[in-house]
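Descriptive structure summary
Listed here are the chains, written in short residue letters.
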Amino acid sequence: MQALPDTLCYLDGNYLPVRDARVSVLDRGFIFGDGIYEVVPVYGQRLFRFAEHMARLGRSLAKVRIANPHSNEQWLERCRRLVAALAEKTGAVDQLVYLQVTRGVAPRDHVMPEDIAPTVFMMANPMKPPTAEQRHKGVACITARDFRWEHADIKSTSLLGNVMARQMSADRGAVETIMFRNGVLTEASASNVWVVHEGAVLGSPKSEHVLEGIRYELIKELCEECGIAYNLRPIPEGEVLAADELLLSSATKEILPVTTLDGDPVGHGALRGKPGPVYARLHEAYQRAKLSQST
């Protein structure tokens, strides 16, 4: 059994070590996965695009009919306290803050109970960014049919489909599983996917099959800053396989180049199997954004 950390967490109004936190076995998050979560990146002890993460948290909570238990100011105060505590204890200034809201504790019944208090849990962990080698050489991914449920747009704690998809790539020594539904790109198990074609960045349109990553709007802004065309439209599997560049984006990966897909090199010509120029420009722009868009 792995030892649990003694770093500070927040649970239903109390701050305590993670290893001492306890939740009822009848919590609907435990029984049904009936809850919502967010992950906010932190750079230099400052929360990155905090307002955008809070907006998505609010959208997800509304879709599953859980009242938001805190105001943005209350979430911010709690996040900052956890960030400061982790930095003091470990020295980590780049972190990830995990927020989770479940419907709460009630006798087991599929029907959503009314008038129960949601369970709120928060913790901060040191960020584990991609390695320098991954950025320099790119990473490997595999492809699979998107077998998850029809509401991937909700950032739900019910992640078994994503866990199974991610394990498929882990079993093959790859970092992600890029998924297709009816022959059209959706997303990866824990990342959004971007296709570079003739210098333009293409992404899957927002739908119930795609989680609207915070980096959706950010990458649009970075493309505008860099003078790179940006478009969201359905992307057939064949276009992904024939891409000039493939990119992943997420809170932990930021922007990461995919250079091998199902064992075959990505790209064409001299850049085949290597990170491309669009990735290089967006990565640099992302680093600038981290300095100017943190709270």
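Before any of the text, the structure's been laid out above.
Summary of the structure given here. Since the structure is predicted, the reported quantities are computational estimates derived from the model, not experimental observations.

Quick notes on the rules
Residues numbered from 1 in each chain as written. Predicted model: local features only at pLDDT ≥ 70, side-chain atom pairs only at ≥ 80, totals over all residues. Heavy atoms only, no water. Helix = DSSP H or I, 4+ residues; strand = E, 2+ residues; numbered from the N terminus. Rg over C-alpha atoms; globule rule 2.2 N^0.38 Å. Contact = heavy atoms within 4.5 Å. Lys, Arg positive; Asp, Glu negative; His and termini not counted. Charge placed at Lys NZ, Arg CZ, Asp CG, Glu CD. Patch = residues over 30% accessible without salt bridge, like charges linked within 9 Å, V, L, I, M, F, W, Y side chains within 5 Å. Areas by Shrake-Rupley, 256 points an atom, 1.4 Å probe, with all protein chains shown as cover. Salt bridge = Lys/Arg side-chain N within 4 Å of Asp/Glu carboxyl O. Buried < 20%, exposed > 50% of the residue type's maximum accessible area, 1.4 Å probe, protein only. Axes fitted to C-alpha atoms, helices over the stretch in contact; angles between N-to-C directions. Parallel < 35°, antiparallel > 145°, perpendicular 65-115°, else oblique. Left-handed = near helix turned anticlockwise from the far one by under 90°. Nonpolar A, V, L, I, M, F, W, Y, C, P; charged D, E, K, R; others polar. Pairing = 2+ DSSP bridges. Phe/Tyr/Trp six-rings, centres within 6.5 Å; stacked < 30°, edge-to-face > 60°. Expected span 1.5 Å × (residues − 1). Disulfide = S-S within 2.5 Å.

Let's shift gears to the overall build of the chain. Helix and strand counts for the chain come out as 8 helices and 15 strands. For a compact globule of 295 residues, the expected C-alpha radius of gyration is about 19 Å, and the chain comes in at 20 Å, within 12% of that figure. Across its three principal directions, the C-alpha atoms of the chain cover 60 × 40 × 40 Å. Long-range pairs, those at least 24 residues apart, make up 70% of the contacts in the chain between residues at least 6 apart in sequence. Charge-centre separation for the chain: the mean point of 34 positive side chains lies 3 Å from the mean point of 36 negative side chains.

Attention shifts here to a nonpolar patch on the surface. Nonpolar side chains collect at one region of the surface, where V25, L26, F30 and V105 lie side by side and expose about 390 Å² of accessible area between them. Within the fold, F30 resides in helix α1 (residues 28–32). A residue is classified by how much of its surface remains accessible, and F30, at 60% relative accessible area, is exposed.

Across the interface, helix α2 (residues 50–63) lies against helix α3 (residues 72–90) with an axial gap of 11 Å and an inter-helix angle of 120°. Classified by the angle their axes make, α2 and α3 are oblique. As for the relative orientation of α2 and α3, their crossing is right-handed in sense. Side by side, α2 and α3 meet where F50, M54 and L57 of the first sit next to N72, W75, L76 and C79 of the second. Classifying every residue of the contact of α2 with α3 by side-chain character gives 6 nonpolar, 1 polar and no charged.

Attention now moves to the pairing of strand β5 (residues 95–102). Buried residues dominate β5, accounting for 6 of its 8 residues. Bridge analysis of strand β3 (residues 35–43) against β5 gives 8 bridges, and the strand direction is antiparallel. Paired with Y37 across the bridge in β5 is Q100. Two strands pair when backbone bridges link them, and β5 and strand β6 (residues 119–126) are joined in this way by 8 bridges, in the antiparallel orientation. When the bridges of β6 are listed, Y98 appears paired with M123.

Tallied over the full model, the rule gives 7 aromatic pairs. Their ring planes at 40° and their centres at 5.9 Å tell us that W194 and Y230 sit as a pair that is tilted. Note that W194 is positioned in strand β10 (residues 192–197) and Y230 in strand β12 (residues 230–232), a separation of 36 residues in sequence. A residue is classified by how much of its surface remains accessible, and Y230, at 22% relative accessible area, is partly exposed.

Backbone-to-backbone hydrogen bonds join strands into a sheet, with any given pair of strands oriented parallel or antiparallel. With respect to topology, 6 strands assemble into an open sheet ordered β2-β1-β6-β5-β3-β4, the strand pairing being antiparallel. Single-partner strands in this sheet number two, and they are β2 (14–17) and β4 (46–47). Contacting β1 (8–11), β2, β3, β4, β5 and β6, α3 runs over the sheet at an angle of about 35° to β6.

Take the pattern of salt bridges next. Two side chains carrying opposite charge are able to pair once their charged atoms lie near each other. Evaluation of the coordinates by the stated rule reveals 18 salt bridges. We note a salt bridge from R56 to E38, for which the minimum N-O separation is 2.6 Å. Separated by 18 residues along the polypeptide, R56 in helix α2 and E38 in strand β3 bring together distant segments of the chain. Look at R56 and you get buried, because its relative accessible area is 5%. Of the residues examined, E38 reaches a relative accessible area of 0% and is grouped as buried. With its nearest N and O atoms 3.3 Å apart, the salt bridge here joins R181 to E150. In this pair, R181 is assigned in strand β8 (residues 176–181) and E150 in the loop between β7 (139–145) and α5 (160–171), connecting sequence segments 31 residues apart. With a relative accessible area of 44%, E150 lands in the partly exposed category.

Our next topic: helix α6 (residues 214–226). Along an α-helix, a turn takes 3.6 residues, which lines up residues three or four apart on a common side. Compared with an ideal rise of 1.5 Å per residue, which puts 13 residues at 18 Å, α6 spans 19 Å between its outermost C-alpha atoms and is within 8% of the ideal. Among the residues trailing α6, G227 stands out with phi positive, at a value near 70°.

Turning next to the environment of S294. In this structure, S294 sits in the segment after α8 (277–292). Apart from residues lying up to four places away in sequence, S294 is in contact with Y43, R46, L47 and F48.

Attention now moves to the state of the cysteines. What the rule picks out here adds up to 0 disulfides. The thiol sulfur of C141 is not disulfide-bonded, and the nearest other cysteine sulfur, from C223, lies at 19 Å.

Turning our attention to α3. Between its first and last C-alpha atoms α3 spans 27 Å; for 19 residues at 1.5 Å apiece the expected length is 27 Å, and the two agree. Just past α3, the residue G91 takes up positive phi, approximately 85°.

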